[in-house]
Structure formats: structure tokens, C-alpha cells
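Here is what each chain is made of, one letter per residue.
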Amino acid sequence: NKVSYYTPKVAGVQIGVSFTPDVAVHGTVTKLASTPKNEDKNFENLVDYGITYENKFQDLDVKVGLIGQFGKSKTLTVARTDVRAWELGSSIGYKGFTVAGSFSDWGKSATPVIKDPTKKYGASYWTLGAGYEYKLLTTSVSYFKGKRANVFATATDPIAASTALHDRGFNKNQYLIFGAAYKLAPGFLPYAEFTHFKAKRYGATINNSGYVLLGGTKLAF
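Residue numbers run consecutively from 1 along every chain, following the written order of its sequence. Totals for whole chains, interfaces and linings use all residues, but because this is a predicted model, local features are given only for residues with pLDDT of at least 70 and pairs of side-chain atoms are given and counted only at 80 or more. The side-chain values count all of the structure's non-hydrogen atoms but skip hydrogen atoms and water molecules.

## A look at the overall build of the protein chain
Secondary structure elements follow DSSP: runs of H or I of four or more residues count as helices, runs of E of two or more count as strands, with numbering from the N terminus. The helix and strand inventory of the protein chain stands at one helix and eleven strands. When the helices and strands of the protein chain are placed in sequence order, the string is β-β-α-β-β-β-β-β-β-β-β-β. Residue burial is assigned from relative accessible area. The probe radius is 1.4 Å, only protein chains are included, and a residue is buried under 20% of its type maximum, exposed over 50%, and partly exposed in between. Here the protein chain holds 221 residues, and the buried ones make up 27% of them. Working note: accessible area of the protein chain is about 14,300 Å², and carbon and sulfur atoms make up 63% of it. Per-residue and other accessible areas follow the Shrake-Rupley method at a 1.4 Å probe size, with only the shown protein chains counted as cover for residues.

Written as C-alpha cells, this is what we have:
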């Protein structure tokens with residue numbers, strides 16, 4: 001259940017704001033009445049905001065966007081830091097080529113209020129990608145790298161005294177993705193995607209990595 005407002009686009013600029021009273025509430029009045037006021041891994045009174053700018057300078061297409069979120073972390077067993085997160089992204093297009101990137105920082109959002117100064121807390125990530133479109137063929141390559149520590153850290157102590165359970169360093173994820181699509185006919189778009197992923201847990205001797213090949217078609221009527 002969310003209320004949103006968007007301004008008309010003026011001189012390439014558009015602004016949007018939305019408000020979510022409780023992310024655990026979906027749809028019915030019965031659900032609203034049964035939603036716990038305090039619970040782990042959930043949020044209330046969330047405000048999302050965003051501003052975008054788009055313009056074209058001859059053959060150059062420029063897009064820049066900033067989004068953010070702030071709100072209250074709901075708490076049952078462990079007091080957690082409220083949400084303060086933002087992301088900045090941009091893309092530049094020129095004669096079929098596009099380059100884009102973004103960076104996001106969650107700060108200490110949703111981490112335990114009681115912290116160990118020798119350990120790490122929070123999350124952030126960045127992305128970089130490029131694409132090329134030629135007639136009916138579209139290709140792309142993108143890269144994602146993120147890190148996270150003690151967001152929704154597990155703890156059973158109601159006063160979060162067991163900081164010994166907290167992560168000493170950041171857990172990291174990386175993805176490298178190649179994609180291609182070809183418009184065989186109006187409304188018929190076969191595509192393929194190849195992904196290499198790697199997940200590294202701080203202090204672990206064995207990391208999780210692998211490859212995913214995905215193929216399919218998109219139909220539009």
C-alpha cells in the first residue's frame with residue numbers, strides 16, 4: 001500500500017515521491033489489522049524520492065538519475081538503524097552505443113544499533129555497462145559488484161549484546177553479464193544471456209561461483 005506523486009517533466013527534469021506506511025501490508029484491511037507493529041527485517045513510514053534529467057545534444061543522449069529512501073526499521077529482538085539509502089546513475093548514448101553506470105550506498109541501514117567498532121556494517125554496490133544496437137540486433141555487457149555486512153545480522157539477544165556474532169568484514173558479490181537479442185519479426189524477440197557470478201563470504205576458505213546461460217523469446221501482441 002503506497003501513495004506516489006510525480007511531477008510533469010519540465011525541461012528534461014522530472015521529480016517523484018512516494019510514501020509507504022508499512023511494507024508488510026499488502027492489500028486488505030484484515031492484513032493491516034494483523035500486521036505486527038514491531039518485527040525484524042521490515043520497515044515502516046518509508047519515503048522514496050527520485051529526480052531524473054534527460055536531454056539530447058545533437059547525436060548525444062544524456063540521462064542522469066538520483067533516487068533515495070529513508071524510513072524506520074521495525075524492531076522485535078534487536079534494535080536496528082533506520083533506513084538511509086541513495087543511488088546515483090547515469091547513461092550516455094551515441095549513434096547506437098550506450099554506456100551506463102551507477103553507485104548506491106545504504107550506509108548503516110538495518111544494521112544493529114549496538115555495534116562492535118572492530119567490525120564492518122552496511123552495504124553498497126556499483127554497476128557499469130555498455131550496449132550496442134544495430135538494426136535488429138542488440139548486444140550488451142554489464143558488471144555488478146556489491147558488499148554487505150551485518151544488514152539484518154542474526155542475533156537472539158534482545159539487547160544485541162552478542163556482537164561476537166557480527167561479521168568482521170564485508171561479504172561480496174560480483175556478476176559479469178553478456179546479453180544479445182535479435183528482432184526476428186514484429187513482436188518476436190529471441191534473446192540469450194550468459195552470466196558469471198562469484199559470491200565471497202568474509203573469512204570463508206571456499207567461495208561460491210558459477211555460470212548461468214539463459215535463452216528465451218519475448219512475444220508482444
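## Topic: the nonpolar core
The criterion is simple. A nonpolar core is a set of buried Ala, Val, Leu, Ile, Met, Phe, Trp, Tyr and Cys residues joined through side-chain atoms within 4.5 Å. Ranked by size, the top nonpolar core spans six residues in total: Phe43, Leu46, Val83, Ala110, Ala123 and Val151. Any two residues having at least one pair of non-hydrogen atoms within 4.5 Å are treated as being in contact. Those residues in contact with phenylalanine 43, other than ones at most four positions away along the chain, are Asp22, Val23, Lys72, Ser73, Lys74, Val83, Ala110 and Phe152.

## Observations regarding the pairing of strand S9 (residues 171-182)
Bridge count for strand S8 (residues 137-149) against S9 is twelve bridges, and the pairing is antiparallel. Its bridge partner lying in S9, serine 142 is registered against isoleucine 177. Strand pairing follows a simple DSSP-based rule, namely that at least 2 bridges must link the two strands. Of the strand pairs in this sheet, S9 and strand S10 (residues 188-200) are connected by ten bridges, and their pairing is antiparallel. Looking across to S10, one finds that leucine 176 is bridged to histidine 196.

## Things to note about unusual backbone geometry
Positive phi, normally seen in glycine, also occurs at alanine 110, with a value near 65 degrees. With respect to the element layout, alanine 110 can be found in the loop between strand S6 (97-107) and strand S7 (122-134). The backbone of lysine 135 sits at a positive phi, close to 55 degrees, despite the residue not being glycine. Among the secondary structure elements, lysine 135 is positioned in the loop between S7 and S8. Looking at lysine 135, the relative accessible area reads 66%, which means it is exposed.

## Quick look at the environment of proline 117
If you trace the backbone, proline 117 turns up in the loop between S6 and S7. Placed 46 residues apart in sequence, proline 117 and threonine 163 show a C-alpha to C-alpha distance of 9.9 Å.

## Description of a positive patch on the surface
A cluster of basic residues, Lys108, Lys120, Lys145, Lys147, Lys172, Lys198 and Lys200, forms a positive patch at the surface. Elements represented by at least two residues in the positive patch include exactly S8 and S10. With respect to the helices and strands, lysine 198 occurs in strand S10. The patch calculation keeps residues exceeding 30% relative accessible area without a salt bridge and links them within 9 Å when they carry like charges or within 5 Å when they are nonpolar (Val, Leu, Ile, Met, Phe, Trp, Tyr). Each reported salt bridge corresponds to a side-chain nitrogen of Lys or Arg within 4 Å of a carboxyl oxygen of Asp or Glu. We count Lys and Arg on the positive side and Asp and Glu on the negative side, and we leave His and both chain ends out. Each charge is placed at NZ for Lys, CZ for Arg, CG for Asp and CD for Glu.

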